[in-house]
Amino acid sequence: ASSGDRLMTGGARDVRAGILLARGDLASAETEARAAVTDLEPWPSHRMAVVATLVEALLRRGKQDEALELESVLQGPAPVWADAAIVVARARLLVARGDPGHALQLVRLARAKLEERAAAIVEPALRASFLERVVHHAALVALADELEGP
């Protein structure tokens, strides 16, 4: 397969893994995410995004040790289009490692950046949609609220 085909296939598998996660089919989500990680090996930023999906699947399946082994892949600058997903994965790994304080710092900073980006959207309904309906944005806000507690 051509490199363009691998990029498109890997991206499609990442989307499918996200859908499977949302549906609660964690085993299939893990399988799809693993295949996408392989497909996207030549593209580090895309691979980083799909590793975030894989981490989510692994953590939700109780495979904490396997998820923690992927932590180094999520280090470094994240592509802006996947920043929220990567921050959520990093923060969940920090919590899994027993460092919720650092996780809270990470999500607070990311939420502030997200809210700054949202503030540039003039139309209130679109701004709300950006924060509430984009899956990874909503997950970031929810995780920040969860870590901040009551």
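The structure reproduced in this document is the subject of the present report. The structure displayed is predicted, hence computed values, not measured ones.

Calculation criteria
- Residues numbered from 1 in each chain as written.
- Predicted model: local features only at pLDDT ≥ 70, side-chain atom pairs only at ≥ 80, totals over all residues.
- Heavy atoms only, no water.
- Helix = DSSP H or I, 4+ residues; strand = E, 2+ residues; numbered from the N terminus.
- Rg over C-alpha atoms; globule rule 2.2 N^0.38 Å.
- Buried < 20%, exposed > 50% of the residue type's maximum accessible area, 1.4 Å probe, protein only.
- Axes fitted to C-alpha atoms, helices over the stretch in contact; angles between N-to-C directions.
- Parallel < 35°, antiparallel > 145°, perpendicular 65-115°, else oblique.
- Left-handed = near helix turned anticlockwise from the far one by under 90°.
- Contact = heavy atoms within 4.5 Å.
- Nonpolar A, V, L, I, M, F, W, Y, C, P; charged D, E, K, R; others polar.
- Core = buried A, V, L, I, M, F, W, Y, C linked by side-chain atoms within 4.5 Å.

Across its full length, the protein holds eight helices and zero strands. Radius of gyration (C-alpha) of the protein: 15 Å, near the 15 Å computed for a compact globule of 150 residues. If one aligns the C-alpha atoms of the protein with their principal axes, the spans along those axes are about 45 × 40 × 30 Å. For the protein, with 150 residues in total, the buried portion stands at 37%.

On to the packing of helix α3 (residues 44–60) against helix α5 (residues 83–96). The interhelical angle for the contact between α3 and α5, taken along N-to-C directions, is 40 degrees, at an axis separation of 9 Å. Classed by the angle they form, the pair α3 and α5 counts as oblique. Judged by the sense of rotation from one axis to the other, the crossing of α3 with α5 is left-handed. Touching Met 48, Ala 49, Ala 52, Val 55, Glu 56 and Leu 59 of α3 are Ala 85, Ile 86, Ala 89, Arg 90, Arg 92, Leu 93 and Ala 96, all from α5. Residues belonging to the contact of α3 with α5 are distributed by class as follows: 10 nonpolar, no polar and three charged.

In terms of nonpolar packing, the biggest core is built from 22 residues, with Val 51, Ala 52, Leu 54, Val 55, Leu 70, Leu 74 and Ile 86 touching the most fellow members. Within the residue set of this core, elements represented by two or more residues are α2 (26–39), α3 and α5. Top element by residues in this core is α3. It accounts for eight residues. For Leu 54, the contacting residues outside a window of four places in its chain are Glu 30, Ala 33, Arg 34, Val 37 and Leu 70. Ala 91, Leu 104, Phe 130 and Leu 143 belong to the second-largest nonpolar core, a separate cluster that totals 15 residues.

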